[in-house]
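# Structural overview
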Amino acid sequence: MSNNHGDALVTELFKELSALAQVEAIALGGSRAGEVYDEKSDYDVYLYCTAPVPEEVRRELLGRYCSVMEVGNHFWEYEDNCTLNNGIDIDILYRNLDDFTADVASVVESCQPRNGYTTCMWHNLRTCKIIYDRDGRLAAAKARFDVPYPPLLKERIIERNRKLLRGSMPAYEGQIAKAAKRGDLVSVNHRTAAFLESYFDVIFALNEQTHPGEKRLVQLCQKQCAILPDRFEENLERLFAHLFSGEDVAEDVKRIIDALDALLADNIYG
């Protein structure tokens, strides 16, 4: 078992978790899986299990390492959200490796696009740091999907999500304009969030980069993506400034899509 994550408390916790009969692999995600983190960085931990670990077992085990525990949350994935005795938060997510692998395969091998965040789980697998791998199956999954970005996946992500931005009857551009005209700020917020999910999915796909998730997307695009729309950050900042201040938001959305279309025309359709 690797212990280069550098915290003795977490090393011991991982040792106990790996001893559970149901746990076949443990991986670190987020900043702790890379080189850029500090002692206050949270832990994102993925437990790949062959069967459910009973909540009472987890509660007793985690109680020796955590001062705060919410066991069995299921708002997104099934997880335990805790604060370690040293004050650092830790999220432990429970997955079935076969199901997870099938989901990644549907994207990477079958090239099935989603409404935003298409390649997030592929990114999660590619960038995770394996802490424990009883039978080598997690390492095998990483190797299986350590492949170049599929051209057909790129094409399909861009096609699907571009239509969600503009040009189809349910496209977000029209929905946002209508909501802004009505002064329905809840709807403006909701549709703009969905708009940005598809917008960033197009940008990461265009650059053949896996989608890193929800955080620091502007900064990550600037760092990792060689191809960006004209006035990328400026146009987003303008949108955020106007988001709840009137109908200007519709013009901001139009400007963002126009710049994206010009980029696609130069790099895809030109």
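In what follows, the accompanying structure is described. (Residues numbered from 1 in each chain as written. Predicted model: local features only at pLDDT ≥ 70, side-chain atom pairs only at ≥ 80, totals over all residues. Heavy atoms only, no water.)

### Notes on helix α2 (residues 55-62)
Restricting attention to buried positions, one finds in α2 the residues Arg58, Leu61 and Leu62. An end-on view of α2 places all buried positions within 90 degrees of arc, on one side of the element. If you follow the buried residues of α2, they end up packed against α1 (8-18), β3 (66-73), β4 (79-84) and β5 (89-95). (Buried < 20%, exposed > 50% of the residue type's maximum accessible area, 1.4 Å probe, protein only. Helix = DSSP H or I, 4+ residues; strand = E, 2+ residues; numbered from the N terminus. Arc of directions from axis to C-beta. Contact = heavy atoms within 4.5 Å.)

### A look at the pattern of salt bridges
All told, the structure shown has 21 salt bridges when counted by the stated rule. Ionic pairing is found between Lys15 and Glu12, a salt bridge with its closest N-O pair at 3.5 Å. Taken together, the residues span about one helical turn, with Lys15 and Glu12 both in helix α1 at a distance of 3 residues. According to the relative accessible area criterion, Glu12 is partly exposed, its value standing at 36%. Of the charged contacts in the structure, one is a salt bridge between Arg255 and Asp252, with a shortest N-O distance of 3.1 Å. On the criterion of helical spacing, the pair formed by Arg255 and Asp252 is a turn pair, its members being 3 residues apart in helix α11 (residues 248-269). Its relative accessible area of 2% is what places Asp252 among the buried residues. Each of Arg162, Arg166, Glu173, Lys254, Asp258 and Asp261 takes part in a single network of salt bridges with overlapping partners. (Salt bridge = Lys/Arg side-chain N within 4 Å of Asp/Glu carboxyl O.)

### Focus on the nonpolar core
Judged by nonpolar contacts, the single largest core of 54 residues is most densely connected at Tyr48, Phe195, Tyr199, Phe200, Phe232, Leu236 and Leu260. Sequence-distant contacts of Leu236, that is, excluding residues within four places in its chain, are made with Leu196, Tyr199, Phe200, Val218 and Ile256. Formed by 25 residues, the second largest nonpolar core is a distinct cluster that contains Cys49, Cys66, Ile90 and Ile131. (Core = buried A, V, L, I, M, F, W, Y, C linked by side-chain atoms within 4.5 Å.)

### Some thoughts on the sheet that holds strand β6 (residues 129-133)
Ordered by their spatial adjacency, 6 strands build an open sheet running β3-β4-β5-β2-β1-β6, and the pairing between neighbours is mixed. Two strands close off the open sheet at either side, each with one partner strand: β3 and β6. Averaged over all neighbouring strand pairs, the angle between strand axes comes to 20 degrees, with direction disregarded. When β3 meets β4, the two strands line up antiparallel, connected through 5 bridges. Note on β4: the bridge partner recorded for Cys66 is Leu84. Where α1 meets the sheet, its contacts fall on β1 (23-29), β2 (43-49), β4, β5 and β6, and the angle it forms with β1 comes to roughly 150 degrees. Helix-sheet contacts for α2 involve β3, β4 and β5, and the interaxial angle to β3 is about 165 degrees. (Pairing = 2+ DSSP bridges. Axes fitted to C-alpha atoms, helices over the stretch in contact; angles between N-to-C directions.)

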